[in-house]
Amino acid sequence: MAIRLNIAALGGAGMTSARTRSRLVERLKTQGICHAGVLAAMAEVPRHGFIDEALAHKAYDDVSLPIGFGQTISQPYIVARMTELAMGATQHEKVLEIGTGCGYQTTVLALLFKTVYSVERIGGLYKATRERLNVLGVHNARLRHADGSKGLAEAAPYDVIIITAAAPILPEDMLPQLKEGGRLIFPVGDAEQELHQIERTSEGFIETRLEKVNFVPLLPGVA
Ligand code: SAH
């Protein structure tokens, strides 16, 4: 693992929830997740520390949950699935996430990649998540309060770009920000959405259509 999380900083629940997380990992295996590093990261990250205390009892259920500002934390399966696709890139130096939200996916990625860049358009979420990741010791995540719909050119190119909000069309501006051997993983659609992956090879871009998904929309501008 690239970093060590300070789970104790969340209080006693962090330690007692380790067993609940190992049940989550068993369920992820039955759902088809098999990358050992991804399963280890899912076992490590205390999902209850990313949501409101009132919802903590649902933290390890395979559901998305509200995180305020009309946004959601993704369901564990989809976080694991997108991370497993990300690990299929040839290198794991730099990953860009569009849609930081509460920082759960950011933290899973931070355990597996050298540096994570993550962009969030809602200022309140950006601030709360920056604080949370500091407390947890996620020191290899670089958060930005910005509109990420065109990626983040300043730190490009990336081994992986993950978009955790859905756009009706392919975000073409991000393709030049991918390294060769890199992958762009993103939901596309509005009411009906599908997960897609674009690989950048020496011969060009290869797009693969994956399963049906359900994300909040990718919106323009900052809030
Ligand atoms: N990655 C999160 C999912 C958060 S939901 C997790 O681990 O659960 C998606 C997030 O994308 C929301 O917080 C939303 O505000 C943000 N978002 C939507 N459009 C965006 C844009 N253009 N740029 C950056 N963030 C955006």
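Conventions and cut-offs
- Residues numbered from 1 in each chain as written.
- Predicted model: local features only at pLDDT ≥ 70, side-chain atom pairs only at ≥ 80, totals over all residues.
- Heavy atoms only, no water.
- Pairing = 2+ DSSP bridges.
- Helix = DSSP H or I, 4+ residues; strand = E, 2+ residues; numbered from the N terminus.
- Axes fitted to C-alpha atoms, helices over the stretch in contact; angles between N-to-C directions.
- Contact = heavy atoms within 4.5 Å.
- Buried < 20%, exposed > 50% of the residue type's maximum accessible area, 1.4 Å probe, protein only.

Asks: Looking at this structure, I do not really get the sheet that holds strand 8 (residues 193-201). What am I missing?
Replies: Sheets are built from strands that pair by backbone hydrogen bonding, the pairs being arranged parallel or antiparallel. A sheet is described by the order of its strands in space; here seven strands give the open sequence 5-4-3-6-7-8-9, paired in mixed fashion. Each of the sheet's edge strands pairs with one partner strand only, and the pair in question is strand 5 (141-145) and strand 9 (204-213). The average angle at which neighbouring strand axes cross in this sheet is 15°, direction not considered. The sheet contact formed by strand 8 and strand 9 spans eight bridges and is antiparallel. Paired with Thr201 across the two strands is Gly204, which belongs to strand 9. Contacting strand 6 (158-163), strand 7 (178-189), strand 8 and strand 9, helix 4 (residues 76-86) runs over the sheet at an angle of about 165° to strand 9.

Asks: I would appreciate a short explanation of the environment of Gly124 in the present structure.
Replies: Within the fold, Gly124 resides in helix 6 (residues 123-136). Residue Gly124 is classed as partly exposed on the basis of its relative accessible area of 31%. Counting along the chain gives 23 residues from Gly124 to Gly101, while the straight-line C-alpha distance between them is 9.7 Å.

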